[in-house]
Number of protein chains: 2
Amino acid sequence: MSRGEGSGEDRLIARHFRPLAKHPGALGLADDAAVLTPPPGCDLVLTTDGIIAGVHVFPDAPADAIARRALRVNLSDLAAKGAKPVGFLLAVALPGGTTDAWLAEFVRGLSEDAERYGCPLLGGDTDHTPGPLSVSITAFGMLPAGTMVRRNGAQPGDVLFVTGTVGDAALGLMLRKDAQAGASLTPAQRNHLLMRYLQPDPRNVLAETVRTHASAALDISDGLAGDLTKLCRASGVTAEIEAAQVPLSDATRALITREPALLERALTGGDDYEILAAVPAGKAQAFRASAHAAGIAVTDIGLLAAGEAPPQFIGPDRQPIAFARTSYSHF
Amino acid sequence: MSRGEGSGEDRLIARHFRPLAKHPGALGLADDAAVLTPPPGCDLVLTTDGIIAGVHVFPDAPADAIARRALRVNLSDLAAKGAKPVGFLLAVALPGGTTDAWLAEFVRGLSEDAERYGCPLLGGDTDHTPGPLSVSITAFGMLPAGTMVRRNGAQPGDVLFVTGTVGDAALGLMLRKDAQAGASLTPAQRNHLLMRYLQPDPRNVLAETVRTHASAALDISDGLAGDLTKLCRASGVTAEIEAAQVPLSDATRALITREPALLERALTGGDDYEILAAVPAGKAQAFRASAHAAGIAVTDIGLLAAGEAPPQFIGPDRQPIAFARTSYSHF
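Residues numbered from 1 in each chain as written. Chains lettered and ligands numbered in written order. Predicted model: local features only at pLDDT ≥ 70, side-chain atom pairs only at ≥ 80, totals over all residues. Heavy atoms only, no water.

A. Structural view of the relation of the copies chain A and chain B. Take chain A, turn it by 180°, move it 0.0 Å along the axis, and it overlays chain B with an RMSD of 0.0 Å. These values place the two chain copies in the arrangement generated by a two-fold rotation axis. Among all C-alpha atoms of chain A, that of A:G131 lies closest to the rotation axis, at 2.1 Å. The residues that chain A uses at the interface reappear at the interface of chain B in 99% of cases, marking a shared surface. (Least-squares fit on C-alpha atoms with pLDDT ≥ 70 in both. Contact = heavy atoms within 4.5 Å.)

Have a look at this one:
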């Protein structure tokens, strides 16, 4: 048994993590807690999501990519809820043999993203573990009181929008496991899919657009089909989505054209980190314009309808697609 | 690679964790984030501390005790900073073979303590791991803006107070590893030390007393000697503490009487989760009275002095005790 706050940890924090603690409330990581003074009239949005090597990322993934991913999956939640990032807490458990060079790369990735997304380190906890690397981040966001966009506010008639393209990360993971699976792609297409898997691109620049227009939203971390099911269930609505309406990248479209069965993987595979938003029909045009102004592609994939039935995707044969599973799960 | 938010996790959360989510901001754990509306004029205090089986607790410790410990080490930080608990986020990584019965016990411990300390579950993240059990908690506290008690506010002349007794947990750990080491104790004394190790007793009822009287404070998680060193270094002060002034339980005193070398273990061993507070001399009497009213024993162990030298403990021979190490560390 040993403690995680001894002088060894203090040195490690001073060397690697203190430079990231640019938020005044982090107190230079020199105290037992951080302090946040929320602006009057604001709510804080809290989200926590972790990464375990061998479960959520390949253990040999670049250290900076692991750090970015750990922060970005949390930033993605803030974006989908309409919140502006405030800062984050980091709990990291390092396996034996973690080198200083690895840590320096990890911190570089974290630092660059903290800067890029305006989300500084507020505090944390560092330990060694006999198990795999684990990085758990709690991120804080801010928005005007009472305006967090929930899963459960969608209404029949709302327009469903999705940002970016769907399925790239799942097909990138497939290529990561089996390089042959991408033999028909151009190098640029292969690279696109692999990067989409390795490094989510959270849509934080769209947060304010979502907050002011969407009736419900969530980020697509478990696959479009599964996350749409969650939104529909929480809101008590249903939907029939034409699969042909779902935005796909060139690379994903090329793979599906060769092997139509991959459509299922694209619609149910995880790690897209796009935003799925329900927008009242009267606000749809303004939502589209605001997203355009923010530089984020959004696609209208269909309408929500009254009903309790699970949402369905309609295939090229005009029949509902029967998925073997609607989302990733390891339970 | 798999995702932690699939339907299996949803079921697990619904069955085990949803009943704990009594804070309205937890949204019944049915959304991607929690929401906190901080009262006007308040700061939020944030702390995160994790437990890994085999590192911070014995893997065969009772499930409810692991849960309590994970929450209590964070509550202890809030207490030492003078903050009232608001709620917590839980990130748990479950090893293969975790049973429903184990989870039910874990949740029972967590639930009872959440109730006892007024600190409800706000949200979390559940995963399976190929490694050992890991429980990482982020706790939130609240206090009037600008009043968090830091490590660095102590002044020469301040009185050093410590709550409860020191060293019990370290000697309890010794007994846990080697039952023979406690052969000279009564069963009640043995049990006292073992329980002090197994289950910290955070001093949250003292938070308001600390906040209104202390110039600096921290909780003793890494041993009195090490944590006093941190307080002195942060505040730019020093101290000479007579070891005989340090409050010891009967059990700890009995062991040290038999084996004087154990004094070092008592002063440097971790896991006490008592509060060490520096109190201006003019407030010392009021601090004592306020602690008494709260039902917490506090002991004056000496005065802080001007100087940059590390604090020292003076032994029975009137000489400074030379510790082999001043605090636990596994780095």
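B. Fine view of the sheet that holds strand 3 (residues 84–95) of chain A. Spatially, 4(A)-3(A)-5(A)-2(A)-1(B) is the arrangement adopted by the five strands of the open sheet, whose pairing is mixed. Only two strands of the sheet have a single partner each, and these edge strands are strand 4 (121–129) of chain A together with strand 1 (34–36) of chain B. Across this sheet, the average inter-strand angle for adjacent strands is 20°, counted without regard to direction. The sheet contact formed by strand 3 of chain A and strand 4 of chain A spans eight bridges and is parallel. Directly across from A:L89, in strand 4 of chain A, lies its bridge partner A:G123. Helix-sheet contacts for helix 2 (residues 63–80) of chain A involve strand 2 (42–52), strand 3 and strand 5 (134–144) of chain A, and the interaxial angle to strand 2 of chain A is about 145°. Across the face of the sheet, helix 3 (residues 100–116) of chain A comes into contact with strand 3 and strand 5 of chain A while running at roughly 170° to strand 3 of chain A. (Pairing = 2+ DSSP bridges. Helix = DSSP H or I, 4+ residues; strand = E, 2+ residues; numbered from the N terminus. Axes fitted to C-alpha atoms, helices over the stretch in contact; angles between N-to-C directions.)

C. Summary view of the domain arrangement of chain A. Residue and element names in this part refer to chain A. Considered domain by domain, chain A is made up of domain 1 (7–144) and domain 2 (159–314). At the boundary of domain 1 with domain 2, total buried surface from both sides reaches about 1,800 Å², with 55% on carbon and sulfur atoms. One salt bridge in this structure joins R69 and D271, with 3.1 Å as the shortest N-O distance. Taken together, domain 1 and domain 2 are joined by eight residue pairs in polar contact (both at pLDDT 80 or more). Examining the composition of the side of domain 1 that touches domain 2, we find that 11 residues originate from one element, helix 2, more than from any other. Tallied by class, residues from the side of domain 1 that touches domain 2 come to 14 nonpolar, three polar and seven charged. (Domains from an automatic or database assignment. Buried area = accessible area lost by both parts, 1.4 Å probe. Salt bridge = Lys/Arg side-chain N within 4 Å of Asp/Glu carboxyl O. Polar contact = N/O pair within 3.5 Å; in protein donor to acceptor, adjacent residues only side chain to side chain. Nonpolar A, V, L, I, M, F, W, Y, C, P; charged D, E, K, R; others polar.)

D. Structural view of unusual backbone geometry. Residue and element names in this part refer to chain B. Phi is positive for L27, which is not a glycine, with a value near 55°. Mapped onto the elements, L27 comes out in the loop between helix 1 (7–17) and strand 1. Residues other than glycine seldom take positive phi values, yet D271 does so here, at roughly 75°. Tracing the sequence through the fold places D271 in the loop between helix 9 (262–268) and strand 9 (274–279).

E. Representation of the side chain of B:D271. Owing to a relative accessible area of 9%, B:D271 belongs among the buried residues under this scheme. Reaching out from B:D271, the side chain makes a polar contact with the side chain of B:R69 at a distance of 3.1 Å. (Buried < 20%, exposed > 50% of the residue type's maximum accessible area, 1.4 Å probe, protein only.)

F. Inspection of the sheet that holds strand 8 (residues 237–242) of chain A at higher detail. All names here are of chain A. Taken together, the six strands give an open sheet; going across it, the order is 7-9-6-10-8-11, and neighbouring strands pair in mixed fashion. At either margin of the open sheet sits one strand with a lone partner, and together these are strand 7 (216–220) and strand 11 (312–314). Strand-to-strand, the axes of this sheet are offset by a mean angle of 25°, without reference to chain direction. In the sheet, strand 6 (residues 159–163) pairs with strand 10 (residues 298–306) via five bridges, with the strands oriented antiparallel. When the sheet's bridge partners are listed, L160 is paired in strand 10 with G302.

G. Spatial organisation of the pattern of salt bridges. Residues and elements named next belong to chain A. Counting across every chain of the model gives 48 salt bridges over all chains. In this structure, the salt-bridge partner of D100 is R15, at a minimum N-O distance of 2.4 Å. One end of the pair, D100, is in helix 3; the other, R15, is in helix 1 (residues 7–17), with 85 residues separating them in the sequence. Each of the salt bridges in this network shares a partner with another, and the network as a whole consists of D64, R68, R72, E105, R108, E112 and D113.

H. Region of interest: the packing of helix 4 (residues 168–177) of chain A against helix 5 (residues 187–198) of chain A. Residues and elements named next belong to chain A. Close contact between helix 4 and helix 5 brings their axes to 7 Å; oriented N to C, the two are set at 105°. Accordingly, the angle class assigned to the pair helix 4 and helix 5 is roughly perpendicular. Where helix 4 abuts helix 5, its residues D168, A169, L171, G172, L173, L175 and R176 lie against R190, H192, L193, L194, R196 and Y197. Counted by class, the contact of helix 4 with helix 5 contains seven nonpolar, two polar and four charged residues. (Parallel < 35°, antiparallel > 145°, perpendicular 65-115°, else oblique.)

I. Up close: the interface of chain A and chain B. The interface of chain A with chain B comprises 74 residues on the first partner and 73 residues on the second. Of the roughly 6,400 Å² buried between chain A and chain B on both sides combined, carbon and sulfur atoms contribute 56%. Note that A:D32 and B:K81 form a salt bridge whose closest N and O atoms lie 3.1 Å from each other. There are 23 residue pairs in polar contact (both at pLDDT 80 or more) connecting chain A and chain B. When residues of the side of chain A that touches chain B are traced back to their parent elements, those giving at least two are helix 1, strand 1 (34–36), strand 2, strand 3, strand 4, strand 5 and strand 7 of chain A. For the side of chain A that touches chain B, the element with the most residues is strand 2 of chain A, which contributes 10 residues. One ladder, built from three bridges, connects strand 1 of chain A with strand 2 (residues 42–52) of chain B; its direction is antiparallel. The partner of A:A34 across the bridge, within strand 2 of chain B, is B:L46.

J. A look at empty space enclosed by the protein. One pass over the structure, following the stated rule, counts six cavities of 30 Å³ or more. Taken as a whole, the largest cavity holds about 200 Å³ of empty space. Forming the boundary of the largest cavity are 22 residues, of which A:S134, A:S136, B:A91, B:S134 and B:S136 lie nearest the centre. Within the residue set of the lining of the largest cavity, elements represented by two or more residues are strand 2, strand 3, strand 4 and strand 5 of chain A together with strand 2, strand 3 (84–95), strand 4 (121–129) and strand 5 (134–144) of chain B. Here the residues of the lining of the largest cavity sort into 11 nonpolar, seven polar and four charged. (1 Å grid on protein atoms, 1.4 Å probe; cavity = no way out; pocket = protein on both sides within 12 Å on 5 of 7 lines; lining within 4 Å. Points joined across faces, edges and corners; volume = space filled by probe spheres on them.)

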